[in-house]
Amino acid sequence: MKDLSNLYAKIVLMRILGIETSCDETAASVVSDGVKILSNTVASSQELHTKTGGIIPETAAREQVLSMIPVISQSLQEADLTPDDIDAVAVTNGPGLFGSLVIGVETAKTLSYSWKKPLVPINHLVGHIYANWLENTEPPIFPNLNLIVSGGHSELVLMESHGNFTWLGGTRDDAAGEAFDKTARVLGLNYPGGPSIQKASFGVKKLNTLFPRPLANSSDFDFSFSGLKTAVATLAAGKTFSKTQIANYAAEIQEAIVDSLLNKTLKAAQKYQTKQLLLSGGVAANTRLVEKAREKFSGKVYAPLPKLCVDNGAMIASAAYFNYKPVSWEKISADSGLFFD
Ligand code: KG4
Ligand code: ZN
């Protein structure tokens, strides 16, 4: 009789519901076999944070309490699925804001218990990395080098296989996204600062290396961005800038952050002989970062679509598929300090 096992293996799909609430987003997504997005729902309280110039953790958590169930329900609806069709529930359990993480984790535990589905906890940074596997006809190969750059993290990580990560270095003070957010605020630009700085600097051609690139010659793979914040604050103290000045300073800030990130990234790629560079996290949505990385790195550079760079549930579902380790719901709790597995 003909062996149909390969055929069955192709037909049986694994659909994972991914839940992400580590910062200000409330996100849920259904992903099939770790790569195909069936739905991707995100509720953001960004408007509230734009008003306050940054995230107030309690404001974020209060909004997430209201949005969590509607977002999950919409995500199932968009995927045209019922809870019966879901094979597992995955959730970010850290790092992040504790009050925000708790909402996602406790919701995921409740769903896992009542739907009788396996529960998979996922590290937020690992989640960001897996955005590069989503909707990608040429998925990354190993070993690859990851630059994870978000509002809370700037990390260089070597990935030798699924789940096999070696941390190489990271920021000693502010994260790259935080540097964008804080310097944008000094220039009077809206939160989140990254997209505002990118937009303001559009069209600026001439750059003068106005701001520092700290640790450029250190032998480690660390970054530092607090000096940039101080330099911009000193420059701006007591002054009102014209639109042209703001555009020029925004472009200088963006270039300083991009250069600092790529300097160490290229050194790490050379040392570990990686032929693929995977960018991820909110700052990977920065077009100058992606463009300069492609210019300077001789291998292939992956960068997720902007909507998959920022926090979303799809990356969590994908990470859970490729690192499928269900845990009993009694054993999972939110851990804001959880760094890297
Ligand atoms: O990954 P993410 O959504 O949340 C965290 O895990 O932190 O990243 C948010 C960060 C913010 O600091 C925001 O300013 C930055 O990503 N960001 C950008 C861009 N889009 C978002 N930074 C630079 N350029 C962008 N286009
Ligand atoms: Zn993130």
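Given the structure is predicted, the values throughout are model-derived calculations rather than measurements.

What counts and what doesn't
- Residues numbered from 1 in each chain as written.
- Chains lettered and ligands numbered in written order.
- Predicted model: local features only at pLDDT ≥ 70, side-chain atom pairs only at ≥ 80, totals over all residues.
- Heavy atoms only, no water.
- Domains from an automatic or database assignment.
- Contact = heavy atoms within 4.5 Å.
- Buried area = accessible area lost by both parts, 1.4 Å probe.
- Pairing = 2+ DSSP bridges.
- Helix = DSSP H or I, 4+ residues; strand = E, 2+ residues; numbered from the N terminus.
- Axes fitted to C-alpha atoms, helices over the stretch in contact; angles between N-to-C directions.
- Buried < 20%, exposed > 50% of the residue type's maximum accessible area, 1.4 Å probe, protein only.
- Polar contact = N/O pair within 3.5 Å; in protein donor to acceptor, adjacent residues only side chain to side chain.
- Salt bridge = Lys/Arg side-chain N within 4 Å of Asp/Glu carboxyl O.
- Near = heavy atom within 4 Å.
- Areas by Shrake-Rupley, 256 points an atom, 1.4 Å probe, with all protein chains shown as cover.
- 1 Å grid on protein atoms, 1.4 Å probe; cavity = no way out; pocket = protein on both sides within 12 Å on 5 of 7 lines; lining within 4 Å.
- Sits in = over half its atoms within 2 Å of the grid points.
- Nonpolar A, V, L, I, M, F, W, Y, C, P; charged D, E, K, R; others polar.
- Parallel < 35°, antiparallel > 145°, perpendicular 65-115°, else oblique.
- Left-handed = near helix turned anticlockwise from the far one by under 90°.
- Points joined across faces, edges and corners; volume = space filled by probe spheres on them.

Describing the domain arrangement of the chain
Reasoning step 1: Taken as a whole, the chain is organised into domain 1 (5-132 + 310-331) and domain 2 (141-304).
Reasoning step 2: Relative placement of domain 1 and domain 2: their C-alpha centres are 27 Å apart.
Reasoning step 3: Domain 1 puts 19 residues into the contact, and the matching count from domain 2 is 21 residues.
Reasoning step 4: Interface of domain 1 and domain 2: buried area, both sides summed, is about 1,600 Å²; carbon and sulfur atoms make up 67% of it.

Comments concerning the sheet that holds strand S7 (residues 154-161)
Reasoning step 1: Strand order in the open sheet made by the five strands is S8-S7-S6-S9-S10, with mixed pairing throughout. Of all the strands in the sheet, the pair left with one neighbour each is strand S8 (164-170) and strand S10 (300-302). Each strand of the sheet is rotated relative to its neighbour by a mean of 20 degrees, with strand direction disregarded.
Reasoning step 2: Of the strands in this sheet, strand S6 (144-149), S7, S8 and strand S9 (276-280) are in contact with helix H9 (residues 243-272), which crosses S6 at around 160 degrees.
Reasoning step 3: Strand contacts of helix H10 (residues 287-296): S6, S9 and S10, with the helix running at about 175 degrees to S9, the strand carrying the most contacts.

Looking at helix H12 (residues 313-322)
Reasoning step 1: Among the ten residues that make up H12, eight are buried, leaving the element largely enclosed by the rest of the structure.
Reasoning step 2: All of the buried residues in H12 are Gly313, Ala314, Met315, Ile316, Ala317, Ser318, Ala319 and Ala320.
Reasoning step 3: By the N-cap criterion, in which a side-chain oxygen at the helix start approaches the backbone nitrogen of a residue two or three places on, H12 is capped by asparagine 312, the distance to alanine 314 being 3.1 Å.

Looking at the pairing of S6
Reasoning step 1: The buried count for S6 comes to six of six residues, which makes it a mostly enclosed element.
Reasoning step 2: Side chains Asn144, Asn146 and Ile148 of S6 all project onto a buried face; the interleaved residues Leu145, Leu147 and Val149 project onto the opposite face, where all are buried too.
Reasoning step 3: Hairpin remark: S6 followed by S7, antiparallel, with four residues in the connecting loop.
Reasoning step 4: With four bridges connecting them, S6 and S9 associate as parallel partners. Bridge assignment links leucine 145 to a residue of S9, and that residue is leucine 277.

Details of the pattern of salt bridges
Reasoning step 1: Under the definition given, this model contains 14 salt bridges.
Reasoning step 2: We note a salt bridge from lysine 109 to glutamate 106, for which the minimum N-O separation is 3.3 Å. On the criterion of helical spacing, the pair formed by lysine 109 and glutamate 106 is a turn pair, its members being three residues apart in helix H4 (residues 98-115).
Reasoning step 3: When its relative accessible area of 13% is taken as the criterion, lysine 109 is described as buried.
Reasoning step 4: For aspartate 220, the salt bridge identified is with arginine 172, shortest N-O distance 2.5 Å. Taken together, the positions of aspartate 220 in the loop between helix H7 (193-200) and helix H8 (226-236) and arginine 172 in the loop between S8 and helix H6 (176-186) put the pair 48 residues apart, joining distant regions of the chain.
Reasoning step 5: Of the residues examined, aspartate 220 reaches a relative accessible area of 23% and is grouped as partly exposed.
Reasoning step 6: Here the residues in one salt-bridge network are Arg213, Glu255, Asp259, Arg288, Glu291 and Lys292, joined through shared partners.

Some words on the site of ligand 1
Reasoning step 1: Lining the immediate surroundings of ligand 1 are 21 residues, of which Gly151, Asp181, Gly194, Gln198 and Asn286 lie closest.
Reasoning step 2: Here an oxygen atom of ligand 1 and a side-chain polar atom of histidine 124 are 3.2 Å apart.
Reasoning step 3: A distance of 3.1 Å is found between an oxygen atom of ligand 1 and a backbone nitrogen or oxygen belonging to glycine 282.
Reasoning step 4: Here ligand 1 loses 90% of its free accessible area of 550 Å² to cover by the protein chains.
Reasoning step 5: A molecule is said to occupy a pocket when more than half its atoms come within 2 Å of that pocket's grid points, and by this definition ligand 1 occupies the largest pocket.
Reasoning step 6: For the shell around ligand 1, the secondary structure elements donating two or more residues are helix H5 (124-130), H6 and H7.
Reasoning step 7: It is H7 that contributes the most residues to the shell around ligand 1, four residues altogether.
Reasoning step 8: Counted by class, the shell around ligand 1 contains seven nonpolar, twelve polar and two charged residues.
Reasoning step 9: Residues from two domains meet in the shell around ligand 1; each of domain 1 (5-132 + 310-331) and domain 2 (141-304) gives at least three.

Examining the packing of H9 against H10
When two helices pack together, their arrangement is given by the angle between the helix axes and the distance between those axes.
Reasoning step 1: The N-to-C vectors of H9 and H10 enclose an angle of 40 degrees; their axes lie 10 Å apart at closest approach. Considering their axes alone, H9 and H10 lie oblique with respect to each other. For H9 against H10, the interelement crossing comes out right-handed. Residue-level inspection shows Gln254, Glu255, Val258, Asp259, Leu261, Leu262 and Leu266 of H9 in contact with H10, the latter providing Arg288, Leu289, Lys292, Ala293 and Lys296.
Reasoning step 2: Along the lines of polarity and charge, the residues of the contact of H9 with H10 split into six nonpolar, one polar and five charged.

Concerning the layout of surface pockets
Reasoning step 1: Considering only enclosed or pocket space, the largest pocket measures out at about 990 Å³ in volume.
Reasoning step 2: Together, 37 residues line the largest pocket, and Ser150, Gly151, Gly152, Asp181 and Tyr191 are the ones closest to its centre.
Reasoning step 3: Put simply, the parts of the chain that give the lining of the largest pocket at least two residues each are H5, H6, H7 and helix H11 (306-309).
Reasoning step 4: Ranked by residue count, the leading element in the lining of the largest pocket is H6, at six residues.
Reasoning step 5: In terms of residue class, the lining of the largest pocket is made up of 13 nonpolar, 16 polar and eight charged.
Reasoning step 6: When residues of the lining of the largest pocket are assigned to domains, at least three map to each of domain 1 (5-132 + 310-331) and domain 2 (141-304).

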